[in-house]
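Survey of secondary and tertiary structure
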Amino acid sequence: MFFTLVLLGSLYISTVNGWGATGHALVARIAQNTLTQEAQKFVQDHLPWYAKGDLSMLASWPDTILYPDTNPVEYLNWQWSKELHYVNTPDWACNYDRHRDCDWAGGQRCVDGSIQNYTNRLADISLDSTQRQEALRFLVHFIGDVHQPLHAGFTSDRGGNSIKGQFFGKATNLHSLWDTVMIERRISTDFQSDSSKYLAYLLNVMHTTYIRNISQWTKCPSNDESKYLACSTAWIDENSDLNCDHVYRNEQDQRMTISQQFKLSDIYFNTRMIFVEARLLQGGVRLGAVINKVVELQKHHHHPKKGHDQLCTGTMLLMAVILFQVVLAFLIVIYVAARRRNYRRPLAQMPGVFHSVKA
Ligand SMILES: *[C@@H]1O[C@H](CO)[C@@H](O)[C@H](O)[C@H]1NC(C)=O
Ligand SMILES: *[C@@H]1O[C@H](CO)[C@@H](O)[C@H](O)[C@H]1NC(C)=O
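Residues numbered from 1 in each chain as written. Chains lettered and ligands numbered in written order. Predicted model: local features only at pLDDT ≥ 70, side-chain atom pairs only at ≥ 80, totals over all residues. Heavy atoms only, no water.

1. Here's the deal with the pattern of salt bridges
For clarity, the threshold we go by: When a carboxyl oxygen of Asp or Glu is within 4 Å of a side-chain nitrogen of Lys or Arg, the pair counts as a salt bridge. A run of H or I in DSSP counts as a helix once it spans at least four residues, and a run of E counts as a strand once it spans at least two, with each numbered from the N terminus. Only protein chains enter the accessibility calculation, which uses a 1.4 Å probe; a residue is then buried when its area is under 20% of its type maximum, exposed when over 50%, and partly exposed in between.
Scanning the entire structure with this criterion turns up 8 salt bridges. Where arginine 279 meets glutamate 238, a salt bridge forms, and the shortest distance between an N and an O atom there is 2.6 Å. Here glutamate 238 lies in helix α11 (residues 232–247) and arginine 279 lies in helix α12 (residues 266–302), a separation of 41 residues in the sequence. Taking the relative accessible area as the measure of exposure, arginine 279 reaches 3% and is therefore buried. The closest approach of N and O atoms between glutamate 296 and lysine 299, which form a salt bridge, is 3.6 Å. Separated by 3 residues within a single helix, glutamate 296 and lysine 299 lie in helix α12, roughly one turn from each other. The class for glutamate 296 is partly exposed, based on a relative accessible area of 36%. Salt bridges sharing partners connect three or more residues here, namely Glu38, Glu296 and Lys299.

2. A short note on the site of ligand 1
To be explicit about the condition: The nearness test applies per residue and asks whether one of its heavy atoms lies within 4 Å of the molecule or strand. Polar contacts, as counted here, are pairs of nitrogen or oxygen atoms within 3.5 Å of one another; within protein the pair requires one atom able to donate a hydrogen and one able to accept it, and residues that are adjacent in sequence qualify only if both atoms are side-chain atoms. In these tables, accessible area is a Shrake-Rupley quantity obtained with a 1.4 Å probe, and a residue counts as shielded only by the protein chains included in the view. Residues are grouped as follows: Ala, Val, Leu, Ile, Met, Phe, Trp, Tyr, Cys and Pro are nonpolar; Asp, Glu, Lys and Arg are charged; every other residue, Gly included, is polar.
Inspection of the region around ligand 1 gives Trp80, Leu84, Arg109, Asn117, Tyr118, Arg121 and Glu134 as its neighbouring residues. Arginine 109 is positioned such that a nitrogen or oxygen atom in its side chain is 3.1 Å from an oxygen atom of ligand 1. Measuring from an oxygen atom of ligand 1, one finds a side-chain N or O atom of asparagine 117 at 2.3 Å. Bound to the protein, ligand 1 loses 70% of the 360 Å² it would expose on its own. Here the shell around ligand 1 takes 3 residues from helix α6 (residues 111–123), the largest share from any one element. Its residues assigned to classes, the shell around ligand 1 shows 3 nonpolar, 1 polar and 3 charged.

3. Some points on the packing of aromatic side chains
For clarity, the threshold we go by: In this analysis, rings of Phe, Tyr and Trp, with Trp reduced to its six-membered ring, are considered paired at centre separations within 6.5 Å, and the interplanar angle assigns stacked below 30 degrees, edge-to-face beyond 60, and tilted for intermediate values. Our definition puts a charge over a ring when NZ of Lys or CZ of Arg is within 6 Å of the ring centre and also within 35 degrees of the ring normal.
Per the stated rule, a full pass over the model turns up 19 aromatic pairs. Arranged with centres 6.2 Å apart and planes meeting at 10°, the rings of tyrosine 198 and tyrosine 201 form a pair that is stacked. Highlighted residues: tyrosine 198 and tyrosine 201, both in helix α9 (residues 195–207), separated by 3 residues, approximately one helical turn. A connected cluster of aromatic rings, assembled from ring pairs, spans Trp61, Trp78, Trp80, Tyr118, Phe138 and Phe142. Here the basic side chain of arginine 255 rests over the ring of tryptophan 92, its NZ or CZ set 3.9 Å away from the ring centre.

4. Regarding the nonpolar core
It is characteristic of soluble globular proteins that their nonpolar side chains tend to be buried jointly. To be explicit about the condition: Throughout this description, the term nonpolar core refers to a set of buried Ala, Val, Leu, Ile, Met, Phe, Trp, Tyr and Cys residues connected via side-chain atoms within 4.5 Å. We call two residues contacting when some pair of their heavy atoms lies within 4.5 Å.
In this structure, Leu55, Leu174 and Ile291 are the most contacted members of the largest nonpolar core, which totals 88 residues. With 13 residues, α12 is the single largest residue contributor to this core. Contact partners of isoleucine 291, with chain neighbours within four places excluded, come to Leu35, Ala39, Phe42, Val43, Leu55 and Leu136.

5. What to know about the confidence of the model for the protein
What counts here: Confidence scores per residue from the predictor, reported as pLDDT, run from 0 to 100.
Averaged over every residue, the pLDDT of the protein is 86; the share at 70 or more is 81%. Note on residues 1–16: pLDDT is under 50 here. Beyond four places in sequence and across chains, it has 21 contacts. Segment residues 304–312: pLDDT under 50, and 0 contacts once partners within four positions in sequence are set aside and those in other chains are kept.

6. Concerning the environment of glycine 153
Note on placement: glycine 153 falls in the loop between α7 (129–145) and β1 (164–167). We classify glycine 153 as buried; its relative accessible area is 0%. C-alpha separation for the pair glycine 153 and cysteine 94, spaced 59 residues apart in sequence, amounts to 9.4 Å. Every residue in contact with glycine 153, bar those within four places of it in the chain, is listed here: Val87, Asn88, Thr89, Gly159, Asn243 and Tyr248.

7. Some remarks on the site of ligand 2
Near ligand 2 you find Tyr210, Asn213, Trp217 and Gln282, and these make up its full shell. Tryptophan 217 places a side-chain nitrogen or oxygen 2.9 Å from an oxygen atom of ligand 2. Surface burial for ligand 2 is 37%, taken as the share of its 360 Å² of free accessible area covered by protein chains. Grouping the constituent residues of the shell around ligand 2 by class yields 2 nonpolar, 2 polar and no charged.

8. Comments concerning a negative patch on the surface
Note the threshold: Candidate patch residues must exceed 30% relative accessible area and have no salt bridge, after which like charges are joined if within 9 Å and Val, Leu, Ile, Met, Phe, Trp or Tyr side chains if within 5 Å. A positive count includes Lys and Arg, and a negative count includes Asp and Glu. His and the chain ends are not counted in either. Positions of charges follow a simple convention, taking NZ of Lys, CZ of Arg, CG of Asp or CD of Glu.
On the surface, Asp237, Asp241, Asp245 and Asp253 cluster together into a patch of negative charge. Among the structural elements, aspartate 253 can be located in the loop between α11 and β3 (262–264). Residue class for aspartate 253 comes out partly exposed when judged on its relative accessible area of 49%.

What follows is the structure in structure tokens.
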């Protein structure tokens, strides 16, 4: 029952926020494909039992908690987390500057800081399991969000939400177009509305077209300012070029603005979909890499080696004491024996005496 509610909730919310439920589920499934065996186990331990270790099951949870339709009792308690899904950059600045746009070190909330925060919390073994489960759900979602270019869109149009128009004749806005509308169209027109077929296609693209890109995607560039294991500052900056060169430009290559309704169809769809798919793959690959690294880190923290070493030290100390006692006992025996011989020696061995006797 709860399972169904969660699923319905995710579907319902798909037109409201983030990549839609489909986009988030795809990112999570791509990540799942890159997890080490230990990371699969870790994920299973840090999701509720009904998810059965499937990251995509709760990938849209951070959206569903925000709205009265999907979380009628508690949605007010989660409003603080709304700002964690995105960051805004000045219109046509075409770069992300965290000092200017989101001073997360100074307490400002945005997707950059939230990825830092939840990566850190997921790896923090001093937190209880509820807190780390929450960290995993948030992380899965926010690493997805940060790869949707309009989650780092322009301030004045609220990441494309205020730029409205038509896509193949249907009313929408630029943000929703990138969250859901283009992905849904792709799946329905080219994959018989079967998102599993689409996932298989994306994984194939990853292993062919982008096979040489993968190792570079998971490295933090030297100028990245993020702490911990996720290079969110650099990932956000990648959106800036996409936004200025492709996302915010119409089919005549003109800038799209709030004041003009857009009319987009084939040209936009056929030329922009490649960026959507590259971003879904990058998001998935990076999410998988972050989880793998967190698990790897834990292994060194948690490893019984430390305890093992202590045991060895203890054992060695004990052995040293025993050895010392054995040696001591041995020396005492020798000493006693030597003394006994010394008592006899004057009679038998003292050379002077013998000489004098002989002489
Ligand atoms: C970090 O996560 C905790 C737990 O969800 C939250 O209370 C806190 O506000 C977060 N901080 C930032 C900067 O996102
Ligand atoms: C993949 O790598 C090629 C060659 O280095 C590069 O030109 C291209 O931009 C990369 N694509 C992505 C999406 O990272």
